[in-house]
Amino acid sequence: MSDDVPFAVRRGELIERAVAILSTDARFPAGWLEGSLADGSADSYSDIDLHLCVIESAWDEVWNARRREIERVAPILASADIMGAFGVGCLIEGPVKLDVFFEREAGLASRPRIAVKRLWGNHEIYERFKIGDDLGDAAIARALESNLLGFLQGATWSVRILARGQINTFLFNEILLVETAIVPLMLLETDRRAFHRNMFTRAKLLSLAQRDECGRLVGRIETSVLKADRAAMRDVHIEIFRKICELARAAFARFGLEFPPRVENEMIAFYKREWPV
């Protein structure tokens, strides 16, 4: 990770400002980083996941004025509340990507954390954290099953999109299958957090051979669309679908799940029979 990249320079400066301003505020007895900047997987373009411990007596005041609290550090260009968490996703002047999570002091031990990088705060606060990089088989199995069955139940989309003449949508959909199905399934072989990682960072964690294989598939998709060769589109889609089934079948077995037994053969037959050429 190079600290000379402008994005990384701005990110570092923003973190320093946050520490300087918020660490002196008694309502925030601790602040820390999570995500890639904490677990060692960050690069020069990684964003900031800033967590702020809030004392109970100040919770309502802080949460109700959450954007104003963030803008004490730097102006917000755009922001949105993060669903399912007391957090705000922000584009900060610079620009810098910053997600801020507000945590009640009384609830710090309520959830497991993968990694934490302390910015300020008493060590007694951090001793309450449950830190460990293993999510447990049950959580991984749920994410695996939910994601893959979601893909499989929508497996007719490629034919329907192409039959409607939506070539750009077809191209987008095929690349998405590689990036959001094949990539995490490959990564899951060595990284149990694969389906819990940011989708935009997973590909860089693959081995060189795996990245080359995914790149080859995407290249074939792009070439087939560029040449308007629908037979080639069919052939590469079948290869992608087979690869998803191969990887998913092995992953399902590792986590004690049952892979749908008929889906691969029936869908391949459907593609060969009804592909719009």
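Structural data are supplied above this passage.
Throughout what follows, the structure given in this document is the object of discussion. As the structure is a computational prediction, the values presented were derived from the model and not from experiment.

Each value, and the rule that gives it
Residues numbered from 1 in each chain as written. Predicted model: local features only at pLDDT ≥ 70, side-chain atom pairs only at ≥ 80, totals over all residues. Heavy atoms only, no water. Helix = DSSP H or I, 4+ residues; strand = E, 2+ residues; numbered from the N terminus. Expected span 1.5 Å × (residues − 1). Buried < 20%, exposed > 50% of the residue type's maximum accessible area, 1.4 Å probe, protein only. Arc of directions from axis to C-beta. Salt bridge = Lys/Arg side-chain N within 4 Å of Asp/Glu carboxyl O.

**Here's the deal with helix 1 (residues 6-22)**
With 17 residues, helix 1 extends 24 Å from end C-alpha to end C-alpha; this agrees with the ideal 24 Å at 1.5 Å per step. Those residues of helix 1 lying buried are Phe7, Ala8, Arg11, Leu14, Ile15, Ala18 and Leu22. Considered in projection along helix 1, the buried side chains sweep an arc of 120 degrees and stay on one side of the axis. Exposed residues lying more than 90 degrees from the buried face of helix 1 are Pro6, Glu16 and Ala20.

**Overview of the pattern of salt bridges**
Where side chains of opposite charge bring their charged atoms close, a pairing between them can arise. Scanning the model with the defined rule gives 28 salt bridges in all. Note that arginine 27 and glutamate 61 form a salt bridge whose closest N and O atoms lie 3.0 Å from each other. With arginine 27 in the loop between helix 1 and strand 1 (30-34) and glutamate 61 in helix 3 (residues 59-64), this residue pair connects regions lying 34 residues apart in the sequence. Here glutamate 69 and arginine 72 are joined by a salt bridge, their closest N and O atoms 2.9 Å apart. For glutamate 69, a relative accessible area of 8% puts it in the buried group. Linked by salt bridges that have partners in common, Asp25, Arg27, Glu61, Glu69 and Arg72 make up one network.

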